[in-house]
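Understanding the architecture of this molecule
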Amino acid sequence: MQVFEVSEGEGPVILGLPHTGTWVPNDVAKTLNERGRGLDDTDWHIERLYADLLPGVTTVRARFHRYVIDANRDPSGESLYPGQNTTGLVPLTDFDGNPIWAETPDAAEVERRRLAFHAPYHAALAAQVERVRARHGVAILYDCHSIRSRIPFLFEGTLPDFNVGTNNGTTCAPQVAEALTGVTTAAEGYTHVLNGRFKGGWTTRHYGRPLEGIHAIQMELAQSTHLSTEAQPFAYDETKAARLRPHLSLILHRLAALAAALARKE
């Protein structure tokens, strides 16, 4: 099975979807414990939530599950959030701190998965970033994520609805962050934060080079914004999604419109 899927568009915006995949190869699946086999930490239905919101958008989606290997973690294994609870390149626990493996993968197995899954996904993403930048003079990478709104192991209290990450302003031009937060702050009934608990994962930090015309930003949505319940079966809520999607569409359209102005400044 192909480990990623790409849909090429003609516009300047690229959607990265590293955590929507649910495929676990048989040799990996048999080493997960019962809790791990539930795949609870999936970014459930994000591909559906963003579908058809922006004509001409490019999408790069990992088909493998983050328990196989996390496509949004540093391939070196270095923590993105030193001193805070998080999960690693190949997670050993779920987001609640519970073990997910019956047989813990060793260093050789982690490296095998890096080469088989993580590296091909990022080779495909990098190729699209370069293609889009060559066409438009800039590329805007918008990394799509979601997470349960309450996870005491990872953060206190309830997560805001919109969590925008730019690694404290280093991964994109200020106008890019402003395009997002202009929408999220005005979205009635929703809460938002810029560079709060989630400042952008490895994808955002690795690709975001605004001085070279590559602007990267992460959107971490609380799953309460579009799921009926933040537990199995993690069902998509059509009513919630219908309320949320216009805000996401406006964000993407603003980013696409901004690209030409960014290119003129390069």
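Just above, that's the structure.
Values in this document were obtained by computation on a predicted structure and should not be read as measured data. (Residues numbered from 1 in each chain as written. Predicted model: local features only at pLDDT ≥ 70, side-chain atom pairs only at ≥ 80, totals over all residues. Heavy atoms only, no water.)

1. As for helix 4 (residues 107-136)
Along an α-helix, a turn takes 3.6 residues, which lines up residues three or four apart on a common side. The end-to-end C-alpha distance of helix 4 is 41 Å, a good match for the 44 Å that 30 residues give at a rise of 1.5 Å each. When the local axis directions of helix 4 are compared, the greatest deviation, roughly 40 degrees, occurs at R114. Along helix 4, the residues classified as buried are E109, R113, F117, H118, Y121, H122, A124, L125, Q128, V129 and V132. In the segment just after helix 4, G137 is the residue with positive phi, at about 85 degrees. (Helix = DSSP H or I, 4+ residues; strand = E, 2+ residues; numbered from the N terminus. Expected span 1.5 Å × (residues − 1). Bend = angle between axes of the 7 residues up to and from the residue. Buried < 20%, exposed > 50% of the residue type's maximum accessible area, 1.4 Å probe, protein only.)

2. Points about the state of the cysteines
What the rule picks out here adds up to 0 disulfides. Here C172 stays unpaired: no disulfide links it, and the sulfur of C144, its closest cysteine neighbor, is 15 Å away. Overall, C172 belongs to the buried group, its relative accessible area being 4%. (Disulfide = S-S within 2.5 Å.)

3. Describing the sheet that holds strand 5 (residues 162-165)
What the 7 strands build is an open sheet, ordered 1-3-2-4-7-5-6; its pairing is mixed. Every other strand in the sheet has two partners, leaving strand 1 (4-7) and strand 6 (192-194) as the edge strands with one partner each. Pairs of neighbouring strands in the sheet enclose a mean axial angle of 15 degrees, with direction left out of account. Where strand 1 lies against strand 3 (residues 58-62), 4 bridges are found, and the strand directions are antiparallel. In the sheet register, S7 faces strand 3, and the bridge partner there is T59. Against the sheet, helix 4 contacts strand 1, strand 2 (13-17), strand 3, strand 4 (139-147) and strand 7 (214-222), and its axis sits at roughly 170 degrees relative to strand 3. Set on the sheet, helix 5 (residues 174-186) makes contact with strand 4, strand 5, strand 6 and strand 7; between it and strand 7 the angle comes to about 25 degrees. (Pairing = 2+ DSSP bridges. Axes fitted to C-alpha atoms, helices over the stretch in contact; angles between N-to-C directions. Contact = heavy atoms within 4.5 Å.)

These results come straight from atomic positions and should not be treated as a statement about function.
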